[in-house]
Amino acid sequence: MTYEQMLEAVRYEGAYPDTTRAAEAVHHVLAGLGRRLTGEERVDLAARLPTEAALVLTAQVPAFDELTGWGFVKDLASRAGTTQAVARWETGAVLSVVARLAGPELLARILRSLPGGYALLFGQAELTTAARP
(Lines give C-alpha, C1' and ligand atoms only; values in the text may rest on other atoms or scores of the structure.)
Protein backbone atom coordinates (compact mmCIF):
# COMPACT_ATOMS: atom_id res chain seq x y z
CA MET A 1 0.00 0.00 0.00
CA THR A 2 1.32 3.45 -0.86
CA TYR A 3 1.03 6.37 1.53
CA GLU A 4 -1.60 7.95 -0.71
CA GLN A 5 -3.62 4.71 -0.64
CA MET A 6 -3.28 4.61 3.14
CA LEU A 7 -4.57 8.19 3.41
CA GLU A 8 -7.49 7.34 1.15
CA ALA A 9 -8.32 4.30 3.29
CA VAL A 10 -8.20 6.43 6.47
CA ARG A 11 -10.29 9.12 4.74
CA TYR A 12 -12.91 6.49 3.98
CA GLU A 13 -12.82 4.88 7.47
CA GLY A 14 -13.01 8.24 9.23
CA ALA A 15 -15.49 9.81 6.78
CA TYR A 16 -13.12 12.74 6.39
CA PRO A 17 -13.85 15.29 3.66
CA ASP A 18 -10.37 15.00 2.15
CA THR A 19 -7.01 13.31 2.52
CA THR A 20 -5.51 16.41 4.17
CA ARG A 21 -7.67 15.78 7.21
CA ALA A 22 -6.85 12.07 7.04
CA ALA A 23 -3.12 12.89 6.95
CA GLU A 24 -3.49 14.91 10.17
CA ALA A 25 -5.20 11.95 11.85
CA VAL A 26 -2.52 9.54 10.61
CA HIS A 27 0.23 11.79 11.97
CA HIS A 28 -1.38 12.21 15.42
CA VAL A 29 -2.25 8.55 15.89
CA LEU A 30 0.98 7.06 14.54
CA ALA A 31 3.04 9.49 16.61
CA GLY A 32 1.08 8.36 19.67
CA LEU A 33 1.54 4.72 18.79
CA GLY A 34 5.24 5.34 18.25
CA ARG A 35 5.45 6.53 21.86
CA ARG A 36 3.90 3.23 23.03
CA LEU A 37 5.46 0.50 20.88
CA THR A 38 8.94 -0.83 21.48
CA GLY A 39 11.06 -3.76 20.38
CA GLU A 40 10.41 -6.12 17.52
CA GLU A 41 6.76 -5.12 17.24
CA ARG A 42 7.77 -1.52 16.51
CA VAL A 43 10.35 -2.61 13.91
CA ASP A 44 8.03 -5.11 12.23
CA LEU A 45 5.12 -2.66 12.07
CA ALA A 46 7.32 0.06 10.59
CA ALA A 47 8.41 -2.39 7.88
CA ARG A 48 4.76 -2.97 6.87
CA LEU A 49 3.74 0.68 6.77
CA PRO A 50 4.31 3.02 3.84
CA THR A 51 7.62 4.86 4.29
CA GLU A 52 6.03 8.20 5.22
CA ALA A 53 3.90 6.56 7.91
CA ALA A 54 6.81 4.46 9.20
CA LEU A 55 8.89 7.62 9.64
CA VAL A 56 6.18 9.18 11.81
CA LEU A 57 5.97 6.03 13.94
CA THR A 58 9.72 5.60 14.39
CA ALA A 59 10.54 9.29 14.92
CA GLN A 60 8.97 9.09 18.37
CA VAL A 61 10.95 8.28 21.48
CA PRO A 62 9.12 5.49 23.31
CA ALA A 63 7.60 6.48 26.63
CA PHE A 64 7.82 3.91 29.37
CA ASP A 65 4.74 4.89 31.31
CA GLU A 66 1.95 2.44 30.59
CA LEU A 67 -1.26 3.91 29.21
CA THR A 68 -4.39 1.84 28.79
CA GLY A 69 -6.27 2.20 25.53
CA TRP A 70 -8.45 4.92 27.02
CA GLY A 71 -5.37 6.66 28.44
CA PHE A 72 -3.90 6.58 24.92
CA VAL A 73 -6.99 8.33 23.55
CA LYS A 74 -6.94 10.94 26.32
CA ASP A 75 -3.23 11.58 25.70
CA LEU A 76 -3.86 12.06 21.97
CA ALA A 77 -6.72 14.46 22.67
CA SER A 78 -4.52 16.50 24.97
CA ARG A 79 -1.59 16.64 22.55
CA ALA A 80 -3.80 17.47 19.53
CA GLY A 81 -5.90 20.01 21.41
CA THR A 82 -9.12 18.23 20.55
CA THR A 83 -11.90 16.41 22.37
CA GLN A 84 -11.62 12.84 23.55
CA ALA A 85 -14.47 11.88 21.21
CA VAL A 86 -12.61 13.25 18.18
CA ALA A 87 -9.38 11.57 19.31
CA ARG A 88 -11.23 8.24 19.70
CA TRP A 89 -12.72 8.61 16.20
CA GLU A 90 -9.31 9.39 14.68
CA THR A 91 -7.71 6.51 16.52
CA GLY A 92 -10.26 4.03 15.22
CA ALA A 93 -10.01 5.31 11.65
CA VAL A 94 -6.22 5.10 11.57
CA LEU A 95 -5.65 1.94 13.60
CA SER A 96 -8.23 -0.05 11.62
CA VAL A 97 -6.10 0.59 8.52
CA VAL A 98 -2.89 -0.14 10.46
CA ALA A 99 -4.43 -3.45 11.62
CA ARG A 100 -5.00 -4.50 8.00
CA LEU A 101 -1.44 -3.57 7.07
CA ALA A 102 0.01 -5.38 10.09
CA GLY A 103 -1.87 -8.62 9.50
CA PRO A 104 -3.31 -10.91 12.18
CA GLU A 105 -0.06 -12.38 13.54
CA LEU A 106 1.75 -9.07 14.00
CA LEU A 107 -1.39 -7.40 15.32
CA ALA A 108 -1.72 -10.13 17.96
CA ARG A 109 1.89 -9.53 19.01
CA ILE A 110 1.34 -5.76 19.15
CA LEU A 111 -1.76 -6.19 21.31
CA ARG A 112 0.09 -8.54 23.68
CA SER A 113 2.83 -5.92 24.09
CA LEU A 114 0.40 -3.11 25.00
CA PRO A 115 -1.69 -2.71 28.17
CA GLY A 116 -5.42 -3.49 28.10
CA GLY A 117 -7.87 -1.52 26.02
CA TYR A 118 -6.01 -1.28 22.71
CA ALA A 119 -7.76 -4.12 20.88
CA LEU A 120 -10.95 -2.11 20.45
CA LEU A 121 -8.94 0.80 19.09
CA PHE A 122 -7.62 -1.52 16.37
CA GLY A 123 -11.17 -2.73 15.65
CA GLN A 124 -10.66 -6.08 17.39
CA ALA A 125 -12.54 -7.80 20.18
CA GLU A 126 -10.76 -7.65 23.52
CA LEU A 127 -10.93 -11.11 24.99
CA THR A 128 -10.00 -11.57 28.61
CA THR A 129 -10.20 -14.51 30.92
CA ALA A 130 -12.57 -14.32 33.83
CA ALA A 131 -11.03 -14.13 37.26
CA ARG A 132 -11.70 -17.22 39.32
CA PRO A 133 -12.88 -16.84 42.91
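Conventions and cut-offs
- Residues numbered from 1 in each chain as written.
- Predicted model: local features only at pLDDT ≥ 70, side-chain atom pairs only at ≥ 80, totals over all residues.
- Heavy atoms only, no water.
- Helix = DSSP H or I, 4+ residues; strand = E, 2+ residues; numbered from the N terminus.
- Rg over C-alpha atoms; globule rule 2.2 N^0.38 Å.
- Buried < 20%, exposed > 50% of the residue type's maximum accessible area, 1.4 Å probe, protein only.
- Contact = heavy atoms within 4.5 Å.
- Areas by Shrake-Rupley, 256 points an atom, 1.4 Å probe, with all protein chains shown as cover.
- Lys, Arg positive; Asp, Glu negative; His and termini not counted.
- Charge placed at Lys NZ, Arg CZ, Asp CG, Glu CD.
- Phe/Tyr/Trp six-rings, centres within 6.5 Å; stacked < 30°, edge-to-face > 60°.
- Arc of directions from axis to C-beta.
- Salt bridge = Lys/Arg side-chain N within 4 Å of Asp/Glu carboxyl O.
- Polar contact = N/O pair within 3.5 Å; in protein donor to acceptor, adjacent residues only side chain to side chain.
- Axes fitted to C-alpha atoms, helices over the stretch in contact; angles between N-to-C directions.
- Parallel < 35°, antiparallel > 145°, perpendicular 65-115°, else oblique.
- Nonpolar A, V, L, I, M, F, W, Y, C, P; charged D, E, K, R; others polar.

Visitor: Is there a simple way to think about the overall build of the chain in this case?
Guide: Along the backbone of the chain there are seven helices and zero strands. Starting at the N terminus and walking to the C terminus, you meet the elements of the chain as α-α-α-α-α-α-α. Relative to the 2.2 N^0.38 estimate, which gives 14 Å for 133 residues, the radius of gyration of the chain is 14 Å and therefore close to what a compact globule would have. In the chain, which comprises 133 residues, the proportion classed as buried is 45%. Long-range pairs, those at least 24 residues apart, make up 66% of the contacts in the chain between residues at least 6 apart in sequence. Accessible surface, the chain as shown: approximately 7100 Å² in total, 56% of it carbon and sulfur. Across the chain, the 13 positively charged side chains and the 15 negatively charged ones have centroids separated by 5 Å.

Visitor: What is the right way to read the packing of aromatic side chains from this model?
Guide: The relation between two aromatic rings is expressed through the spacing of the ring centres and the mutual angle of the planes. Inspection of the entire model under this criterion finds one aromatic pair. Here Phe 72 and Tyr 118 contribute two aromatic rings whose centre-to-centre distance is 5.5 Å and whose plane-to-plane angle is 55°, an arrangement assigned as tilted. Placement of the pair is Phe 72 in helix α5 (residues 69-80) and Tyr 118 in the segment after α7 (104-113), with a sequence separation of 46 residues. The same class applies to Phe 72 and to Tyr 118, which are both buried.

Visitor: Where do I start with α7 in this structure?
Guide: Think of an α-helix as turning once every 3.6 residues; residues three or four places apart then point the same way. For α7, every residue scored as buried is listed here: Leu 106, Leu 107, Arg 109 and Ile 110. Seen from one end, α7 has its buried residues packed into an arc of 160°, which puts them on one side. Opposite its buried face, α7 presents the exposed residues Pro 104 and Arg 112, each directed more than 90 degrees away. Buried residues along α7 sit against α3 (39-48) and α6 (84-102).

Visitor: How do you make sense of the pattern of salt bridges when you look at a structure like this?
Guide: Charged atoms that come close allow side chains of opposite charge to pair. The full count for this structure, using the stated rule, is 10 salt bridges. For the salt bridge of Asp 75 with Arg 35, the shortest nitrogen-to-oxygen distance reads 4.0 Å. Placement of Asp 75 in helix α5 and of Arg 35 in the loop between α2 (19-34) and α3 is noted, with a sequence separation of 40 residues between them. For Arg 36, the salt bridge goes to Asp 65, with nearest N and O atoms at 3.2 Å. Taken as a pair, Arg 36 in the loop between α2 and α3 and Asp 65 in the loop between α4 (51-58) and α5 lie far apart in primary sequence, 29 residues in all. A relative accessible area of 11% means that Arg 36 is categorised as buried.

Visitor: Can you walk me through the side chain of Arg 36 in this structure?
Guide: A polar side-chain atom of Arg 36 sits 2.6 Å from the main-chain carbonyl oxygen of Asp 65. Setting aside its immediate chain neighbours within four residues, Arg 36 contacts Ala 63, Asp 65, Leu 67, Phe 72, Leu 114 and Tyr 118.

Visitor: Got a minute to help me understand the packing of α3 against α4 in this structure?
Guide: Relative orientation and spacing of two packed helices are given, respectively, by the angle between their axes and the distance between those axes. Here α3 crosses α4 at 155°, and the two axes come no closer than 8 Å. Here α3 lies roughly antiparallel to α4, going by the angle between them. Of the residues in α4, those in contact with Arg 42, Leu 45 and Ala 46 of α3 are Ala 54, Leu 57 and Thr 58. Of the residues assigned to the contact of α3 with α4, the class counts are four nonpolar, one polar and one charged.

Interpretation note: all reported values are geometric properties and have no functional meaning in isolation.
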